[in-house]
Amino acid sequence: MKAYIFDLDGVIVDTAKFHFLAWKKIGEEFGFELTHELNEQLKGVSRVDSLTKILGWAGVSVSSEKFDELATRKNADYLSYVEKMNENDILPGVKTFLEKAKKENIGIALGSASKNARPILQKLGIISYFDVIVDGNDVTKAKPDPEVFVIAAQKLGVDNEKCVVFEDSEAGIQAAKTAGMKAIGIGSPEVLTQADEVFSGFDAILNQ
Ligand code: G6P
Ligand code: MG
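Since this is a predicted model, take the numbers as computed values, not measurements. (Residues numbered from 1 in each chain as written. Chains lettered and ligands numbered in written order. Predicted model: local features only at pLDDT ≥ 70, side-chain atom pairs only at ≥ 80, totals over all residues. Heavy atoms only, no water.)

Under the defined criterion, the tally for this structure stands at 15 salt bridges. One network of salt bridges, with partners in common, ties together Glu29, Lys66, Glu69 and Arg73. (Salt bridge = Lys/Arg side-chain N within 4 Å of Asp/Glu carboxyl O.)

Below, the structure written as structure tokens:
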């Protein structure tokens, strides 16, 4: 048996832009301008690690109370964007690709760093496609550590070498490669240089 493991943000749905907007606002509070280039380093990175990086770039240190308050506020802001989403926000080709995989009896898992993964999949009406969901609540080591994908493969009962990972982040591609899985990049080949193959999206994969 073979399996597909999907990242969520920036692969299934374009929530990566909402994470960016919410972190940008937090950075501005410290006079720091988050650029798209630096934002690449936040993709696939947990909430706490993302905030640590931003504060580091801004050159500020805060109390642990302030840290928690900033993380909570970022998440509330992020969720205010997410609230307005519906199934039309699923990225092009994703649903057709999931349906095709189901018909071919390919195992389907989610491997995301997000603690909001389940409610987002529910909101998009596609949670039932997933045989296994491993998210930010289930892991202790963040991407580029392969833990999230290794747990997903174990839960599916599929060997790592038989798993194909779909990822939009450099950290996620690295995690998949370290796990011995095939890594398909969703995005630009200039950014996802370690991927086995890179596509602009699932429409492009379906039309290849
Ligand atoms: C994904 C995104 C990151 C985000 C992380 C945690 O990996 O690419 O940008 O920081 O999930 O998401 P959460 O929804 O738990 O804050
Ligand atoms: Mg992502």
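That covers the picture; the talk isn't over yet.
As a further point, take the coordination of the magnesium ion (ligand 2). The coordination sphere of the magnesium ion (ligand 2) contains the protein donors Asp7 (OD), Asp9 (O) and Asp168 (OD), at a distance range of 2.0 to 2.1 Å. For the magnesium ion (ligand 2), the single-chain donor residues occur in sequence as D-x1-D-x158-D. Highlighted residues: aspartate 7 in the loop between strand S1 (3-6) and helix H1 (16-28) and aspartate 168 in the loop between strand S4 (163-167) and helix H8 (170-178), separated in sequence by 161 residues. For aspartate 168, a relative accessible area of 7% translates into the label buried. (Donors = N, O, S within 2.8 Å, 3.2 Å for Na, K, Ca; no water. Helix = DSSP H or I, 4+ residues; strand = E, 2+ residues; numbered from the N terminus. Buried < 20%, exposed > 50% of the residue type's maximum accessible area, 1.4 Å probe, protein only.)

What follows concerns the layout of surface pockets. By volume, the largest pocket amounts to about 590 Å³. Among the elements of the structure, H1, helix H3 (47-58) and helix H4 (64-82) are those that each provide at least two residues to the lining of the largest pocket. Of the residues that constitute the lining of the largest pocket, the class distribution is 11 nonpolar, 11 polar and 11 charged. Taken domain by domain, the makeup of the lining of the largest pocket includes at least three residues from each of domain 1 (3-14 + 90-207) and domain 2 (15-83). In this model, the second largest pocket occupies a volume close to 270 Å³. Lining the second largest pocket are 15 residues; nearest its centre among them are Tyr4, Phe97, Phe166, Ile205 and Gln208. For the lining of the second largest pocket, the elements supplying multiple residues, two or more each, are helix H5 (94-103), S4, strand S5 (182-186), strand S6 (197-199) and helix H9 (202-206). (1 Å grid on protein atoms, 1.4 Å probe; cavity = no way out; pocket = protein on both sides within 12 Å on 5 of 7 lines; lining within 4 Å. Points joined across faces, edges and corners; volume = space filled by probe spheres on them. Nonpolar A, V, L, I, M, F, W, Y, C, P; charged D, E, K, R; others polar. Domains from an automatic or database assignment.)

Every one of the 13 residues lining ligand 1 counts as a neighbour, but Val45, Arg47, Ser114, Lys115 and Asn116 are closest to it. Separating an oxygen atom of ligand 1 from a backbone N or O atom of valine 45 is a distance of 2.7 Å. A distance of 2.6 Å separates an oxygen atom of ligand 1 from a polar atom in the backbone of lysine 115. Coverage of ligand 1 by the protein chains reaches 97% of its 390 Å² of free accessible surface. Of the pockets mapped on this structure, ligand 1 occupies the largest pocket. Tallied by class, the residues present in the shell around ligand 1 amount to three nonpolar, six polar and four charged. (Near = heavy atom within 4 Å. Polar contact = N/O pair within 3.5 Å; in protein donor to acceptor, adjacent residues only side chain to side chain. Areas by Shrake-Rupley, 256 points an atom, 1.4 Å probe, with all protein chains shown as cover. Sits in = over half its atoms within 2 Å of the grid points.)

Tallied over the full model, the rule gives 12 aromatic pairs. With centroids separated by 5.2 Å and ring planes inclined at 25°, the aromatic side chains of tyrosine 4 and phenylalanine 97 adopt a geometry described as stacked. Here tyrosine 4 is found in strand S1, whereas its partner phenylalanine 97 is found in helix H5, with 93 residues between them in sequence. In this structure, tyrosine 4 and phenylalanine 97 share a single accessibility class: buried. Ring geometry for phenylalanine 6 against phenylalanine 202: centres 5.9 Å apart, planes inclined by 45°, an arrangement best described as tilted. (Phe/Tyr/Trp six-rings, centres within 6.5 Å; stacked < 30°, edge-to-face > 60°.)

Right, let's get into the UniProt feature "binding site: Mg(2+)" (unreviewed entry) in the protein chain. In the numbering used here, UniProt assigns the feature "binding site: Mg(2+)" (unreviewed entry) to Asp7, Asp9, Glu167 and Asp168. With the annotated positions falling across 162 residues, the maximum pairwise C-alpha distance of 8.8 Å places them together in a single cluster. Checked against the lining of the largest pocket, the annotated residues reduce to Asp7, Asp9 and Asp168. If we ignore the near neighbours within four places in the chain, the residues touching aspartate 7 are Ile12, Leu110, Gly111, Ser112, Lys143, Phe166, Glu167 and Asp168. A polar side-chain atom of aspartate 7 sits 3.1 Å from a polar atom in the side chain of lysine 143. Counting through the fold element by element, aspartate 9 comes out in the loop between S1 and H1. (UniProt positions renumbered as here; feature names shortened; annotations may be inferred. Contact = heavy atoms within 4.5 Å.)

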